[in-house]
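One-letter residues, chain by chain:
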Amino acid sequence: MQAIPSEFLAIDRKQRARLPSYHIPTRPPEERVCDFNDIVLPLDEETARFEASRCIHCPDPAPCVQACPAHNDIPSAMWLIEEGKFLEAAQLYRQTSSLPEICGRVCPHEKLCQNSCVQNHYDEPVLTGLLEAFVTDYERRYRKIHPREPRIPHRQPVAVVGAGPAGLACAEQLSRLGYRVTIFDAKPRPGGLLLYGIPNFKLPKDVVLERIDDILAAGVKFVGNTFIGRDKTIDDLFAEGFEAVFIGVGTGIDAPMKVPGADLPGVYQGTEFLIRTNVAEEFLPQGMEKITGIGRRVVVIGGGDTASDCLRTAVRMGAQHVTCLYRRTEKEMPGGKKDRELARQEGATFQFLTQPVRFLPGEDGRLKAVECVRMELGEPDESGRRRPIPIEGSNFILEADTAVLAIGYWPDPTIGETTPDLETRKWGLIVTDPETGATSRAGVFAGGDAVTGPDLVVTAMVAGRKAAQAIDAYLQAKTR
Ligand SMILES: Cc1cc2nc3c(=O)[nH]c(=O)nc-3n(C[C@H](O)[C@H](O)[C@H](O)COP(=O)(O)OP(=O)(O)OC[C@H]3O[C@@H](n4cnc5c(N)ncnc54)[C@H](O)[C@@H]3O)c2cc1C
């Protein structure tokens, strides 16, 4: 990590703002591909203070605050960090965010707060995400985060369905307000995609588990292995005495690839692959086992962040040739540039304008190769991106021991189908009032990916917090 001389902390703010910056300090690729540990090196206090001092404190409303979906008061946090008041800075983040230690790590800062930083005009943006993670880690190390006592204990029971960022944030806010909250989740442990999706090298699981422990220690109950809509319905929850329900079930169905051989052994769905390679055995859903061997050649199909996560996981699993197949060009890829660049540094390669048309088995019945076709781009389709068109006669065979399909996510229609009067759209996304998360069914609120479709941790978290306020208003009005 670059050491910043202490005299920099004492020089004039304008001068400091023009000093050359540096990129996020990461472990070298050849070292980090050997394990699943965090790739980002921890900041030291002096470097954190220097980096924060590069903030020029734009007048209110600062562009970074506006660009942050949680509207974190970033300029004030930067000031506190520059002054060495790390605990105060962490507390400031906690006023507007339920998961700052997580958002500090996984938010696409380069598209949000850092993208809007005026320092971009001179130099590099202030590394606000890194600093958010630094102060919240510091807080955990030096002052345990004590769960707050509920202000008015024993208010009405509220059920939260889904323990991802949306459900956790909603539960945390409601429990602070004194409601008795129970979270139900289909998985054995809470966390949603924070635990059962995003790999450890991007988001260390202990960071997630510690934050979940805080929320549970504040009095939130967790009931795992319970699929709402199958094991019990939303109506059953009301019959059990819950007076409001928040639905934050995400979009958990991997989009299938309808080509011959997609069900061969050795072909995995993206989420299943990430869970079975990244999640500790004790947290695996019932009947799921760890994947131990993936062979030498791995292809990952798709162009989003899940594809990058699968590529980087395959490299760490010991594959020697890890290739991403994407049917458009890099320009049209929906995934973040940063994750793609990290995947490249770690040895993954990309074949653009390439579409699998068939998965071929070997003599043992397992995947042996993928038949692909080259594509060219035609006119834009309904998504605004140019439509990929197969080039006749361009088929070719690519050897592969493992293929991972990371081509998108669909909502699960079960809750919509089993809850009377709950309005849904597009195969199961829940329709809500965007300000409150209220659904068409009285007392039922929803937020996160289940409403928007696949989005971000921070947007799901914000939706959960907003819905908690609306649930509070709804229940207060009910008791008047
Ligand atoms: C591989 C991958 C990597 C990602 N990387 C990033 C990243 O780096 N940065 C970022 O900001 N975002 C990232 N995302 C997106 C982010 O994880 C999601 O937007 C976010 O987790 C959505 O939160 P949520 O609470 O709405 O849903 P989820 O996190 O999906 O949680 C939903 C929960 O509901 C449970 N559930 C589902 N149905 C039921 C049911 N019927 N009954 C009971 N429980 C149910 C599920 O088990 C799950 O625990 C990534 C997504 C994936 C798939």
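All of these numbers come straight from a predicted model, not from anything done at the bench. (Residues numbered from 1 in each chain as written. Predicted model: local features only at pLDDT ≥ 70, side-chain atom pairs only at ≥ 80, totals over all residues. Heavy atoms only, no water.)

> Provide a residue-level description of the overall build of the chain, including the pertinent values.
In terms of regular secondary structure, the chain is built from 18 helices and 18 strands. Computed over C-alpha atoms, the radius of gyration of the chain comes to 23 Å, within 12% of the 23 Å expected from 2.2 N^0.38 for 480 residues, which places it in the range of a compact globule. Taking the principal axes of the C-alpha coordinates as reference, the chain spans close to 65 × 65 × 45 Å. Every one of the 480 residues in the chain was classed for burial, and the buried ones make up 55%. The long-range share in the chain, meaning contacts at least 24 apart out of those at least 6 apart in sequence, stands at 69%. The average position of the 57 basic charges and that of the 66 acidic charges among the side chains of the chain differ by 2 Å. (Helix = DSSP H or I, 4+ residues; strand = E, 2+ residues; numbered from the N terminus. Rg over C-alpha atoms; globule rule 2.2 N^0.38 Å. Buried < 20%, exposed > 50% of the residue type's maximum accessible area, 1.4 Å probe, protein only. Contact = heavy atoms within 4.5 Å. Lys, Arg positive; Asp, Glu negative; His and termini not counted. Charge placed at Lys NZ, Arg CZ, Asp CG, Glu CD.)

> Describe the environment of V208, and please don't skip the residues or the numbers.
Following the sequence through the fold, V208 ends up in helix α11 (residues 205-217). Taking the relative accessible area as the measure of exposure, V208 reaches 1% and is therefore buried. Sequence separation between V208 and F350 is 142 residues; the distance between their C-alpha atoms is 31 Å. Discounting residues that sit within four places of it in the chain, V208 has contacts with I102, L194 and L203.

> Quick rundown of the nonpolar core? Include the residues and the values.
M78, I81, I102, L194 and I471 are the most contacted members of the largest nonpolar core, which totals 68 residues. If you tally residues by element for this core, the top one is helix α18 (residues 457-479), at ten residues. Each of domain 1 (6-142) and domain 2 (155-252 + 411-479) accounts for three or more of the residues forming this core. Listed in part, the 23 residues of the second largest apolar core include V33, L311, V315 and A319. (Core = buried A, V, L, I, M, F, W, Y, C linked by side-chain atoms within 4.5 Å. Domains from an automatic or database assignment.)

> So what's going on with the site of the ligand? Residues and values would help.
Around the ligand there are 31 residues in total, and V106, A166, D185, I228 and D449 lie nearest to it. Contact between the ligand and A166: an oxygen atom at 3.0 Å from a main-chain N or O atom of the residue. Burial of the ligand by the protein amounts to 93% of the accessible area it has alone, namely 1,000 Å². For the shell around the ligand, the elements supplying multiple residues, two or more each, are α10 (165-176), α14 (305-316) and α18. Its residues assigned to classes, the shell around the ligand shows 17 nonpolar, eight polar and six charged. Looking at which domains feed residues into the shell around the ligand, each of domain 2 (155-252 + 411-479) and domain 3 (255-409) gives three or more. (Near = heavy atom within 4 Å. Polar contact = N/O pair within 3.5 Å; in protein donor to acceptor, adjacent residues only side chain to side chain. Areas by Shrake-Rupley, 256 points an atom, 1.4 Å probe, with all protein chains shown as cover. Nonpolar A, V, L, I, M, F, W, Y, C, P; charged D, E, K, R; others polar.)

> Please provide a residue-by-residue account of the confidence of the model for the chain, values included.
Looking at the chain, pLDDT values average 92 and 93% of them are 70 or higher. With pLDDT under 50 throughout, residues 1-22 is counted as low confidence; its partners more than four residues away or in other chains account for 49 contacts. (pLDDT = per-residue confidence, 0-100.)

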